[in-house]
Amino acid sequence: MSHGESHGDGRRAGHGESGGDEASAPARRVGRRTLLRFAAAAGGLALAGAGAGVAMAEDLLPGGVRLRRALGLTGPDGSLPPIVPGPVHVERLRSQARGATVQLITMLPPGAARPGDLPVCLALHGRGADAQTMVDTGLPQFLAEAVAAGIPPFALVAVDGGDATYWHLTGSDDPQRMLLDEVPGWLAGQGLRTPAGAMGISMGGSGTLRYARNRGARFGPVALLSPALFRDWPAARAVEVFRDEADWREHEPLLHLDQPHGSPLGVWCGTEDPFCEAARGLAARAAQAHFPRGEHDAGFWRRVMPDTIAFLGNALVGLPA
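Residues numbered from 1 in each chain as written. Predicted model: local features only at pLDDT ≥ 70, side-chain atom pairs only at ≥ 80, totals over all residues. Heavy atoms only, no water.

(A) Spotlight on the sheet that holds strand β8 (residues 288-290). Taken in spatial order, the 8 strands line up as β1-β2-β4-β3-β5-β6-β7-β8 in an open sheet, and their pairing is mixed. Each having just a single partner strand, β1 (88-95) and β8 make up the two edges of the open sheet. In this sheet, adjacent strand axes meet at a mean angle of 15° when their direction is disregarded. By the bridge criterion, 4 bridges tie strand β5 (residues 197-201) to strand β6 (residues 222-225) in an arrangement that is parallel. (Pairing = 2+ DSSP bridges. Helix = DSSP H or I, 4+ residues; strand = E, 2+ residues; numbered from the N terminus. Axes fitted to C-alpha atoms, helices over the stretch in contact; angles between N-to-C directions.)

Have a look at this one:
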């Protein structure tokens, strides 16, 4: 996750979120001859009539996703709001659950006179990233912009969950136990409440769903951006985090949608994202589910972040800690 971005076969300069080895992504690059062939085909379709053009846009014809990616037709990148953010506090703490020293970063809206009265929302980072990545992605600015526009204020909290843990027990490293058993005490030490909601990007999306399941039926809103979910064991095995197929089956959110997954649930995933089809599996249970053009990168996450923050702020109002 990244300064919010993907790397591997989906890298963008200056960012660090992996999307390439998390799923069987379509080819990120199209050869020159292939591109020319697609372009010629697209030209022929244009001459054939508007109906064929719509078919290409809706992926009814071969090569639609790859052609849009190669031509850069996957939606505009979002940008940071031109606004002064609220306070950002960084603390380094020893996590017994993870066996490591971690960053805990709290992000408040501007002018929060009584931070202890604010509802708190976790923000879980993705693969190849850490808590600072969520700051670099612009969460403080998006929070400030939302509150200035009238969205009810809340606090965001990011914490290091490991480079490629998927917020899942690996060996003696247990990020979920850190979230459940340690983070509430750490926040209380700052005068803040226990998280009442959570958001996650990519790897953090799957971790958020596991956290919501652990918190139970009364847990509040969950917002997922490009969640790293696996529809089958071969795809899950490739990330090398699950002990075996039984371990994956026990913890894969898609296999436990009858259990708590946050209320309400919001999902945002781009149609050119390798996780899009898996994310669509959540749509029937989501209060909001959006699948616009977009890839697995920070440009997409920043584009949808205003809607994500508004969704969370409105849903957190009045919730108990």
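Anyway, onward from the coordinates.
(B) Inspection of the pairing of strand β7 (residues 265-268) at higher detail. Burial along β7 is two-sided: Leu265 and Val267 and Gly266 and Trp268, pointing in opposite directions, are all buried. In this structure, β6 lies alongside β7, joined through 4 bridges in parallel fashion. The residue of β7 that forms the bridge with Val222 is Leu265. Pairing of β7 with β8 involves 3 bridges; the strand directions are parallel. Considered in β8, the bridge of Val267 is made with Ala289. (Buried < 20%, exposed > 50% of the residue type's maximum accessible area, 1.4 Å probe, protein only.)

(C) Quick look at the packing of aromatic side chains. Scanning the entire structure with this criterion turns up 5 aromatic pairs. An angle of 90° between the planes, with centres 5.3 Å apart, marks the rings of Tyr211 and Phe219 as edge-to-face. By relative accessible area, which is 1% here, Tyr211 ends up buried. Residue Phe219 is classed as buried on the basis of its relative accessible area, which comes to 4%. (Phe/Tyr/Trp six-rings, centres within 6.5 Å; stacked < 30°, edge-to-face > 60°.)

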